[in-house]
Amino acid sequence: MRKLWMIPVLVLAATLAGCQKEKTDGELLVEVSYQNSPAGNATVYLYTDTLLPPVQQERTDVAGEAYFTKLRPQHYYVLAKEHTGSGIRSAWKEITVYPRTGNNFYTLSMILE
């Protein structure tokens, strides 16, 4: 009979533990442009290490945007590349995705040179 007081305490603890918000994966929108115009059809590569193959890659749409989802919290290297008749335009940037609860959205603007 003495230990019956523990039942409501355990129920309360389990309820509070279930209410904690989970950390969300990151999402990244990369905006690529060249001479103040969107760079549609450029390829955007996402690396976790510059010596390894990219972990993801996407093509930009007509608005010059590429969207990455399900990014784990870590540091990323981003390469945007566009092939032209006269060569290759490219840009490098770095971004860190942090563990967060709720909205974990990042935007990165890149200008091809």
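This write-up is about the structure you can find in this document.

Rules of the game
- Residues numbered from 1 in each chain as written.
- Predicted model: local features only at pLDDT ≥ 70, side-chain atom pairs only at ≥ 80, totals over all residues.
- Heavy atoms only, no water.
- Phe/Tyr/Trp six-rings, centres within 6.5 Å; stacked < 30°, edge-to-face > 60°.
- Buried < 20%, exposed > 50% of the residue type's maximum accessible area, 1.4 Å probe, protein only.
- Lys NZ or Arg CZ within 6 Å of the ring centre and 35° of its normal.
- Helix = DSSP H or I, 4+ residues; strand = E, 2+ residues; numbered from the N terminus.
- Polar contact = N/O pair within 3.5 Å; in protein donor to acceptor, adjacent residues only side chain to side chain.
- Contact = heavy atoms within 4.5 Å.
- Pairing = 2+ DSSP bridges.
- Core = buried A, V, L, I, M, F, W, Y, C linked by side-chain atoms within 4.5 Å.

**Thoughts on the packing of aromatic side chains**
Geometrically, a pair of aromatic rings is defined through the distance of the ring centres and the angle of the planes.
Line of reasoning, step 1. Within the structure shown, the criterion is met by three aromatic pairs.
Line of reasoning, step 2. On the basis of an interplanar angle of 35 degrees and a centroid distance of 6.4 Å, the ring pair of Tyr 45 and Tyr 47 is categorised as tilted. With respect to burial, Tyr 45 and Tyr 47 carry one shared label: buried.
Line of reasoning, step 3. According to the relative accessible area criterion, Tyr 47 is buried, its value standing at 12%.
Line of reasoning, step 4. Cluster of aromatic residues (ring-pair linked, three or more members): Tyr 45, Tyr 47 and Trp 92.
Line of reasoning, step 5. Positioned over the ring face of Tyr 34 is Arg 89, at 3.7 Å from the centre of the ring.

**Focus: unusual backbone geometry**
Line of reasoning, step 1. One non-glycine residue, Gln 35, lies in the positive phi region at around 50 degrees.
Line of reasoning, step 2. Inspection of the secondary structure assignment puts Gln 35 in the loop between β2 (26-34) and β3 (37-38).
Line of reasoning, step 3. Assessed through its relative accessible area of 60%, Gln 35 is described here as exposed.
Line of reasoning, step 4. At Asn 41, a residue that is not glycine, the phi angle is positive and equals roughly 75 degrees.
Line of reasoning, step 5. By secondary structure assignment, the location of Asn 41 is in the loop between β3 and β4 (43-47).

**Examining the side chain of Asn 104**
Line of reasoning, step 1. For Asn 104, the location among the structural elements is in the loop between β9 (100-101) and β10 (105-111).
Line of reasoning, step 2. Since its relative accessible area comes to 3%, Asn 104 is described here as buried.
Line of reasoning, step 3. A polar contact is formed between the side chain of Asn 104 and the side chain of Tyr 106, at a distance of 3.0 Å.

**A closer look at the side chain of Glu 82**
Line of reasoning, step 1. On the secondary structure map, Glu 82 appears in strand β7 (residues 74-84).
Line of reasoning, step 2. Contacts of Glu 82, omitting those with residues within four sequence positions, involve Ala 39, Gly 40, Ala 42, Gly 87, Ile 88, Arg 89 and Leu 112.

**So, the environment of Lys 81**
Line of reasoning, step 1. Looking at the secondary structure, you find Lys 81 in strand β7.
Line of reasoning, step 2. Each C-alpha atom, one on Lys 81 and one on Val 32, is 9.2 Å from the other, the two residues being 49 residues apart in sequence.
Line of reasoning, step 3. When sequence neighbours within four positions are dropped, the list of residues in contact with Lys 81 reads Ala 42, Thr 43, Tyr 45, Ile 88, Arg 89, Ser 90 and Leu 112.

**Some points on the pairing of β2**
Line of reasoning, step 1. Of the strand pairs in this sheet, β2 and strand β6 (residues 65-71) are connected by five bridges, and their pairing is antiparallel. Opposite Leu 28, over in β6, you have Phe 68 as the bridge partner.
Line of reasoning, step 2. Where β2 lies against β10, seven bridges are found, and the strand directions are parallel. Within β10, the residue paired with Ser 33 across the bridge is Ile 111.
Line of reasoning, step 3. Looking at chain direction, β2 and β3 are connected through two bridges and run antiparallel.

**Structural notes on the nonpolar core**
Line of reasoning, step 1. One finds Leu 28, Val 30, Val 32, Val 44, Phe 68 and Val 78 to be the most contacted residues of the largest nonpolar core, which totals 20 residues.
Line of reasoning, step 2. Listing elements by their share of this core, those giving two or more residues are β2, β4, β6, β7, β8 (87-97) and β10.

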